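Letter by letter, the chains look like this.
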Amino acid sequence: MTLEHRIADVEERLKLACERSGRSRDDINIIAVTKYVSVASTMDVIRAGLVHVGENRWQNAQDKWHAAHSLSESGVLGEAGQAIWHFIGSLQTNKVKEVVGRFSYIHSLDRESLAAAIDKKAEELGIIVPCFLQVNVSGEDSKHGVAPEELVAFTKELSRFTHVKIEGLMTMAPYEMEPEQTRPVFRGLRQLRDELNQQAVTNEPVTGLSMGMSNDFEVAVEEGANWLRLGTILVGKEEE
Ligand SMILES: *Cc1c(COP(=O)(O)O)cnc(C)c1O
């Protein structure tokens, strides 16, 4: 399948999921996860008009980030401007200086020391970084993220970091042969967000729900996702 076909296919399935759940397509952002493909394919993705691009490691992302940056400076992208980068993988504190300022959003904020590092770098740059707090809703040992019962306390601790904006919550569901099985995880994240807002833990309401990947994005949409992170199904996967 070509990239155009994959985009059309995802859009069709997304439209149906929106219809089933009475949602508007406009409320959902797609992040094209390019971690499985080359620099050239990543540029194709950006040229195809997918604005939001996600990578999970600075090591693998840097060549793509620089290539995309020259692309936008050369004006090839025209009015569309440039890609908006999302850091979706677990972030080591020593990589924060590379990532903050280059990636507009961070989806994996899961500890206070990381927030402190992001805040410090953002202050130096004079920016505010929108972050998603990663929550381990499924409770799997292999997953990063704060435990659901620690979320309120964690969120309160972050209030002193004035250059970190809590954009939303993020989770990863376990891989399931039957995607329907992921529903409780996505529903759980939405309920956690609603609880934060009911308790007014943050100054401004938390809106974002970063959830849903290739295997389970339709269920995530039905449960309120507004940021989908799509790799294989949208961008494809290339062998090394
Ligand atoms: C790789 C990755 C994705 C995309 O995975 P696919 O299943 O290929 O869509 C989404 N989120 C995170 C955090 C990832 O690391």
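Scroll up to find the structure.
Attention in this report is confined to the structure presented alongside it. (Residues numbered from 1 in each chain as written. Predicted model: local features only at pLDDT ≥ 70, side-chain atom pairs only at ≥ 80, totals over all residues. Heavy atoms only, no water.)

## A short note on the overall build of the protein
- Each helix and strand counted, the protein has 8 helices and 8 strands in total.
- Dimensions of the protein along its principal axes, counting C-alpha atoms only, are 45 × 45 × 35 Å.
- Taken across its 240 residues, the protein has 49% of its residues classed as buried.
- Considering only residue pairs separated by 6 or more positions, the protein has 62% of its internal contacts joining residues 24 or more positions apart.
- Working note: accessible area of the protein is about 11700 Å², and carbon and sulfur atoms make up 47% of it. (Helix = DSSP H or I, 4+ residues; strand = E, 2+ residues; numbered from the N terminus. Buried < 20%, exposed > 50% of the residue type's maximum accessible area, 1.4 Å probe, protein only. Contact = heavy atoms within 4.5 Å. Areas by Shrake-Rupley, 256 points an atom, 1.4 Å probe, with all protein chains shown as cover.)

## Description of the nonpolar core
- Ranked by internal contacts, the top residues of the largest apolar core, which has 67 residues, are I106, L109, I118, L169, L228 and L234.
- At 6 residues, the largest contribution of residues to this core is made by helix α1 (residues 3-21). (Core = buried A, V, L, I, M, F, W, Y, C linked by side-chain atoms within 4.5 Å.)

## Some points on the site of the ligand
- Neighbouring the ligand are K35, Y36, N56, I88, M170, M172, M213, S214, R229, L230, G231 and T232.
- Between the ligand and S214, the relevant distance is 2.6 Å, taken from an oxygen atom to a side-chain nitrogen or oxygen of the residue.
- T232 places a polar side-chain atom, nitrogen or oxygen, 2.5 Å from an oxygen atom of the ligand.
- Protein coverage of the free-state accessible area of the ligand, which is 390 Å², stands at 91%.
- Structurally, the ligand is housed in the largest pocket.
- Residues belonging to the shell around the ligand are distributed by class as follows: 6 nonpolar, 4 polar and 2 charged. (Near = heavy atom within 4 Å. Polar contact = N/O pair within 3.5 Å; in protein donor to acceptor, adjacent residues only side chain to side chain. 1 Å grid on protein atoms, 1.4 Å probe; cavity = no way out; pocket = protein on both sides within 12 Å on 5 of 7 lines; lining within 4 Å. Sits in = over half its atoms within 2 Å of the grid points. Nonpolar A, V, L, I, M, F, W, Y, C, P; charged D, E, K, R; others polar.)

## Remarks on the pairing of strand β6 (residues 164-170)
- Burial of β6 is extensive: 6 of the 7 residues sit out of reach of the surface.
- Sheet analysis places strand β5 (residues 129-134) next to β6, joined by 6 bridges and oriented parallel. Considered in β6, the bridge of C131 is made with I166.
- Chirality of the crossover, the property in question, places the unit of β5, helix α6 (residues 151-157) and β6 among those that are right-handed.
- Sheet topology note: the β6/strand β7 (residues 208-210) ladder contains 3 bridges and is parallel. Bridge assignment links G168 to a residue of β7, and that residue is G208.
- Regarding the hand of the β-α-β motif, the stretch spanning β6, helix α7 (residues 183-198) and β7 is right-handed. (Pairing = 2+ DSSP bridges. Right-handed = clockwise from strand over helix to strand, strands pointing away.)

## A look at unusual backbone geometry
- Positive phi outside glycine occurs at A200, with the angle close to 50°.
- Of the residues examined, A200 reaches a relative accessible area of 54% and is grouped as exposed.

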